[in-house]
Amino acid sequence: MTTETRILGRADWDRWYASLELAFGGVTEPPEERSLYESLTEHERSIGVWDGDQCVGTAGAFSFRLTVPGGASVPAAGVTMVSVAATHRRRGLLTSMMRRQLDDIRSWDEPLALLTASEPAIYGRYGYGAATQQLSLRIDTSQVRLSVPDGRGGDGDADGTDEVSLRLATPHEPAVLEACEAVYAAHVAGRPGMLARQPGWERLPVVDGKQEKDGMSPLQCVLAERRGEVVGFTRYRVKPEWEEAGPKGTVHVSDLYGLDPRAYAALWRHLAGIDLTSAVVVRNLPVDAPVQHLVSDIRRCEPRLRDSLYVRLVEVGAALQARTYRTPVDVVLEVEDSFCPWNEGRWRLCGDPKGASCERTADQPDLRLSVNELGTAYLGGVSLTALAGAGRVRELRPGALAEASTAFGSDVAPWLPHGF
Ligand SMILES: CC(=O)SCCNC(=O)CCNC(=O)[C@H](O)C(C)(C)COP(=O)(O)OP(=O)(O)OC[C@H]1O[C@@H](n2cnc3c(N)ncnc32)[C@H](O)[C@@H]1OP(=O)(O)O
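None of these values were measured; they are calculated from a predicted model.

## Quick word on the overall build of the protein
- Regarding its fold elements, the protein presents nine helices and 21 strands.
- Rg of the C-alpha trace for the protein: 23 Å, near the compact-globule value of 22 Å for 420 residues, within the 12% margin.
- Taking as baseline every contact in the protein between residues at least 6 positions apart, the subset at least 24 positions apart corresponds to 73%.

Here is the structure:
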């Protein structure tokens, strides 16, 4: 097999993307979604593998900025659109693309690579670790009640001026899109795992997807407003269904953000009260989503967890010093990284809530772990102690594990709100 790997040329995009679609089963995306992805593709950061004039491998890397614990926004390559043609699988093409990509990302001085995996078993061999989870709920709104915040958190409105009102809006309308994006942007710095969306990405949640073919309504949008300011929004589709006993429709939530507890609760109460529906389904919430504390019966919400964002430390030193640490930490990490050997060896990590340094050292190690565990623990959603319990982190100095594990933790659960 003779193949050539090259940077994606603009004229090649159609064939390149068709090859990706075929590898994912051959269903062609709706034109609006396709053209959005065409405009978002960063050609110079994308590669294609060609066998003659046939594209047999694809991979891209968006230039993202990722929020890390402490709130910094760190350059990160969003690895995406990875595929190998069915005729060329299991011959090492994926490994060769991952090799090329990680070398490129390093040369771009981006300390992190990120992805969401089609299958969790694929990317561990390249040093990625599952760093965040997503919570899904199916709320039985015929049984579950949602409470209203009582203002004890300081958001009371004794004189009624803090009241939130809800307004139906057209999701694609530029002013609406802009207002929703501003609410999204206000959340980014406060939660590790979120991405600062660049222009164009705000359209991703509103492209007309395949869902409408499944009997769902077009996307609907409700804005939460206070004194004329947009303080939250939700976007959702309704799937009407009827049973002998009566209506049994479902509300499928795409996203929901509130800038304060009242706006947040008002939006959830709206979703739970939509006529002719008896369930609200949401696929991707942070594991610490406050809605879990608004419902009267969490068991009737069927909570489930799934792996979400995978993180790869491309440059261990730069990545570990880009975030802060919840408590003071001073440990020597002995890192294994066979795929990116420049990371191998001992690193002294000194950090606290204000900042961190991470330098090469010859000192005795306190913890031994691979780059996968560093990726898994990096955003503070999985503890080093839990990984040690699985034998994946070794404590070489008594006390070092508890010290590092506490320091790596995050008060706010890391979360990736959408795929890419
Ligand atoms: C970030 C994203 O875009 S995720 C999307 C990934 N793409 C898809 O799922 C589309 C459908 N699948 C494909 O296109 C291909 O099967 C790919 C990309 C997953 C794998 O490509 P290949 O060229 O066959 O992989 P390659 O031959 O380099 O295999 C490398 C290793 O991964 C393993 N591997 C490959 N695919 C899988 C899989 N789906 N599950 C588990 N292991 C896998 C191989 O067995 C091999 O293991 P080894 O190193 O122990 O020998």
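## As for the domain arrangement of the protein
- Domain annotation of the protein identifies domain 1 (4–110), domain 2 (134–306) and domain 3 (316–408).
- Just the C-alpha atoms count here: the centres of domain 1 and domain 3 sit 30 Å apart.
- Partitioned by chemical class, the residues of the side of domain 1 that touches domain 3 number five nonpolar, one polar and no charged.

## With respect to the confidence of the model for the protein
- In this model, the protein carries an average pLDDT of 95, and 96% of its residues clear a pLDDT of 70 or more.
- At the level of chain-chain contacts, confidence expressed as ipTM amounts to 0.98, with global pTM at 0.96.

## Details of the environment of L36
- Mapped onto the elements of the fold, L36 is located in helix α2 (residues 31–40).
- Dropping the residues within four chain positions of it, L36 is found in contact with R203, L204 and V207.

## Structural notes on the site of the ligand
- Near the ligand you find 22 residues, and of these V82, V84, R89, L94 and S118 are the closest.
- Residue assignment for the shell around the ligand shows that the elements contributing at least two residues are β4 (73–84) and α3 (93–107).
- Tallied by class, the residues present in the shell around the ligand amount to twelve nonpolar, five polar and five charged.

## Digging into the UniProt feature "binding site: acetyl-CoA" (unreviewed entry) in the protein
- The UniProt entry lists V82, S83, V84, R90, R91, G92, L93, L94, T95, S118 and E119 under the feature "binding site: acetyl-CoA" (unreviewed entry), expressed in the numbering used here.
- You can see V84 is positioned in strand β4.
- By the C-beta count within 10 Å, which is 22 here, V84 ends up buried.
- Those residues within four positions of V84 in sequence are excluded, and the remaining contacts are A23, V56, G57, R89, L93 and L94.
- By C-beta crowding, T95 is classed as exposed, having 12 other C-beta atoms within 10 Å.

## Here we look at the sheet that holds strand β5 (residues 112–115)
- Pairing is mixed in the open sheet, where seven strands are placed in the order β1-β2-β3-β4-β5-β16-β6. Both edges of this open sheet fall to β1 (4–7) and β6 (129–130), since each of them pairs with a single strand only.
- Here strand β2 (residues 47–51) runs beside strand β3 (residues 54–67); their pairing, made up of five bridges, is antiparallel. By the bridge assignment, V49 is partnered in β3 with G57.
- Each of β1, β2, β3, β4 and β5 touches α3; the most contacted strand, β3, lies at about 35 degrees to it.

## A closer look at helix α9 (residues 400–408)
- The element α9 is extensively covered by neighbouring structure, given that seven of its nine residues are classed as buried.
- Turning to α9, its buried residues are A400, L401, E403, A404, S405, A407 and F408.
- Its buried side turned inward, α9 meets β17 (329–336), β18 (345–352), β20 (367–370), α7 (371–377), α8 (384–389) and β21 (393–395).

## Quick notes on the nonpolar core
- Counting 74 residues, the largest nonpolar core has L112, A113, L114, Y310 and V311 as the members making the most contacts within it.
- When residues in this core are grouped by element, the largest group, seven residues, is from β3.
- If you count residues domain by domain, this core takes at least three from each of domain 1 (4–110) and domain 3 (316–408).
- In this structure, L114 is in contact with F64, L66, A76, A77, G78, V79, L309, Y310 and V311, ignoring residues within four places of it in sequence.

## Examining the pairing of strand β9 (residues 220–226)
- Note: strand β8 (residues 165–169) against β9, five bridges, orientation antiparallel. Across the sheet, residue S165 finds its bridge partner in β9, namely E225.
- As defined by bridge partners, β9 adjoins strand β10 (residues 229–239) across seven bridges and the pair is classed as antiparallel. Bridged to A224 within β10 is G232.
- Taken together, β9 and the strand that follows it, β10, pair antiparallel across an intervening segment of two residues, in which R227 is found at a positive phi of about 50 degrees.

## Quick notes on the UniProt feature "active site" (unreviewed entry) in the protein
- Mapped onto this structure's residue numbering, the UniProt feature "active site" (unreviewed entry) falls at Y123 and F420.
- One can find Y123 in the loop between β5 and β6.
- Every residue in contact with Y123, bar those within four places of it in the chain, is listed here: L115, A117, Y128 and Y310.
- Relative to the helices and strands, F420 resides in the segment after α9.
- Exposure remark for F420: the 20 C-beta atoms within 10 Å place this residue in the buried category.
- Once residues lying within four places of it in the same chain are set aside, the contact partners of F420 are F62, G78 and T80.

## Description of the pairing of strand β7 (residues 133–140)
- Pairing geometry for β7 and strand β15 (residues 304–307), over four bridges, is antiparallel. In the sheet register, S136 faces β15, and the bridge partner there is R304.
- Pairing geometry for β7 and strand β14 (residues 277–285), over five bridges, is antiparallel. Residue pairing across strands places I139 opposite V280, the latter belonging to β14.

Thresholds, definitions, all that
- Residues numbered from 1 in each chain as written.
- Predicted model: local features only at pLDDT ≥ 70, side-chain atom pairs only at ≥ 80, totals over all residues.
- Helix = DSSP H or I, 4+ residues; strand = E, 2+ residues; numbered from the N terminus.
- Rg over C-alpha atoms; globule rule 2.2 N^0.38 Å.
- Contact = placed C-beta atoms within 7 Å.
- Domains from an automatic or database assignment.
- Nonpolar A, V, L, I, M, F, W, Y, C, P; charged D, E, K, R; others polar.
- pLDDT = per-residue confidence, 0-100.
- Near = placed C-beta within 6 Å.
- UniProt positions renumbered as here; feature names shortened; annotations may be inferred.
- Buried ≥ 20, exposed ≤ 12 C-beta atoms within 10 Å, placed from the backbone.
- Pairing = 2+ DSSP bridges.
- Axes fitted to C-alpha atoms, helices over the stretch in contact; angles between N-to-C directions.
- Core = buried A, V, L, I, M, F, W, Y, C linked by C-beta atoms within 7 Å.

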